[in-house]
Amino acid sequence: MSPPLAQMPPPARSLSARLLVLTIVFVMVAEVLIFAPSIARYRLAWFEERIASAHLATLSLEAAPNHRISAELERELLRHVGGYGVTLYKPGWESLMLSSDMPPKVDKRIDLSEASFFDLIGDAFMALTRTQNRVIEVMGPWARG
């Protein structure tokens with residue numbers, strides 16, 4: 001008489017299947033915990049680079065007599081900044097502004113000095129899911145103090 005064969009558990013209930021599922025779940029959770037802050041930080045760095053470019057563009061206004069420059073130079077500065085307009089507010093100074101003839105309607109305003117970590121993550125995911133272009137107004141602190 002031969003010994004009885006051990007019953008094999010169904011594939012879905014085996015230890016190997018459970019470990020595989022747990023591994024997949026933990027890897028996906030780790031991916032989300034790494035990816036979400038990464039895209040938010042990338043977006044924040046991109047906005048900060050745009051603000052730094054805008055600060056450089058306003059230096060030409062500060063250096064110009066009567067804070068006026070030619071229309072051609074203004075267009076070139078805005079092209080370099082990658083925006084429709086730049087406004088520099090300094091306490092105790094008049095505002096300096098570069099702008100295109102007719103800037104489009106602003107779809108979203110972001111103040112980097114008040115943006116929280118979770119706001120940045122939410123905005124980054126919203127930007128990933130949008131299909132049409134939009135105009136964003138970004139405000140941030142003056143780089144020179």
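Before any of the text, the structure's been laid out above.
None of these values were measured; they are calculated from a predicted model.

K.L.:
What exactly am I supposed to notice about the packing of helix α1 (residues 15-63) against helix α3 (residues 117-129) here?
P.N.:
Each pair of packed helices can be described by the angle between their axes along with the distance between the axes. At a closest axis distance of 8 Å, the pairing of α1 and α3 adopts a crossing angle of 90°. Between α1 and α3, the angle falls in the class roughly perpendicular. Residue-level contacts link Phe35, Ala36, Pro37, Ile39, Ala40, Arg43 and Leu44 of α1 to Phe117, Leu120, Ile121, Asp123, Ala124, Phe125, Ala127 and Leu128 of α3. Here the residues of the contact of α1 with α3 are counted per class, giving 13 nonpolar, no polar and two charged.

K.L.:
I would appreciate a short explanation of the environment of Leu15 in the present structure.
P.N.:
Relative to the helices and strands, Leu15 is located in helix α1. Along the primary structure Leu15 and Ile69 are separated by 54 residues, whereas in three dimensions their C-alpha atoms are 73 Å apart.

K.L.:
Sorry if this is basic, but what is going on with the layout of surface pockets here?
P.N.:
Considered as a void within the structure, the largest pocket measures approximately 1,300 Å³ in volume. Lining of the largest pocket is provided by 41 residues; of these, Gly85, Ile136, Glu137, Val138 and Met139 occupy positions nearest its centre. For the lining of the largest pocket, the secondary-structure elements that each account for two or more residues are α1, β1 (85-88), β2 (96-99), α3 and β4 (136-139). Top contributing element to the lining of the largest pocket by residue count: α1, with ten residues. Per-class residue counts for the lining of the largest pocket are 25 nonpolar, eleven polar and five charged. Put simply, the second largest pocket is a space of about 190 Å³. Around the second largest pocket, the lining residues are Leu61, Asn66, His67, Arg68, Ile69, Glu74, Glu94, Ser95, Leu96 and Met97.

K.L.:
Would you mind going over the pattern of salt bridges with me for this structure?
P.N.:
For side chains bearing opposite charge, pairing can occur when the charged atoms are close. Under the criterion given, the structure shown has five salt bridges. A salt bridge links Arg79 to Glu76; the shortest N-O distance between them is 2.6 Å. Residue Arg79 and its partner Glu76 are both found in helix α2 (residues 71-81); the two are separated by three residues, about one turn of the helix. Among the residues examined, Arg79 registers a relative accessible area of 57% and is labelled exposed. Between Asp123 and Lys108 there is a salt bridge, and its shortest N-O distance comes to 3.4 Å. Here Asp123 is found in helix α3, whereas its partner Lys108 is found in strand β3 (residues 108-111), with 15 residues between them in sequence.

K.L.:
Where do I start with α2 in this structure?
P.N.:
Since the α-helix turns once every 3.6 residues, residues separated by three or four places project in the same direction. Along α2, the residues classified as buried are Glu74, Leu77, Leu78 and Val81. The arc enclosing the buried residues of α2, seen along the axis, measures out at 100°, which places them on a common side. Residues of α2 that are exposed and point more than 90 degrees away from the buried face comprise Glu72, Arg75 and Arg79. In this fold, the buried residues of α2 make contact with α1, β1 and β2. Once α2 ends, the next one or two residues include Gly82, with phi positive near 85°.

Rules and cut-offs
- Residues numbered from 1 in each chain as written.
- Predicted model: local features only at pLDDT ≥ 70, side-chain atom pairs only at ≥ 80, totals over all residues.
- Heavy atoms only, no water.
- Axes fitted to C-alpha atoms, helices over the stretch in contact; angles between N-to-C directions.
- Helix = DSSP H or I, 4+ residues; strand = E, 2+ residues; numbered from the N terminus.
- Parallel < 35°, antiparallel > 145°, perpendicular 65-115°, else oblique.
- Contact = heavy atoms within 4.5 Å.
- Nonpolar A, V, L, I, M, F, W, Y, C, P; charged D, E, K, R; others polar.
- 1 Å grid on protein atoms, 1.4 Å probe; cavity = no way out; pocket = protein on both sides within 12 Å on 5 of 7 lines; lining within 4 Å.
- Points joined across faces, edges and corners; volume = space filled by probe spheres on them.
- Salt bridge = Lys/Arg side-chain N within 4 Å of Asp/Glu carboxyl O.
- Buried < 20%, exposed > 50% of the residue type's maximum accessible area, 1.4 Å probe, protein only.
- Arc of directions from axis to C-beta.

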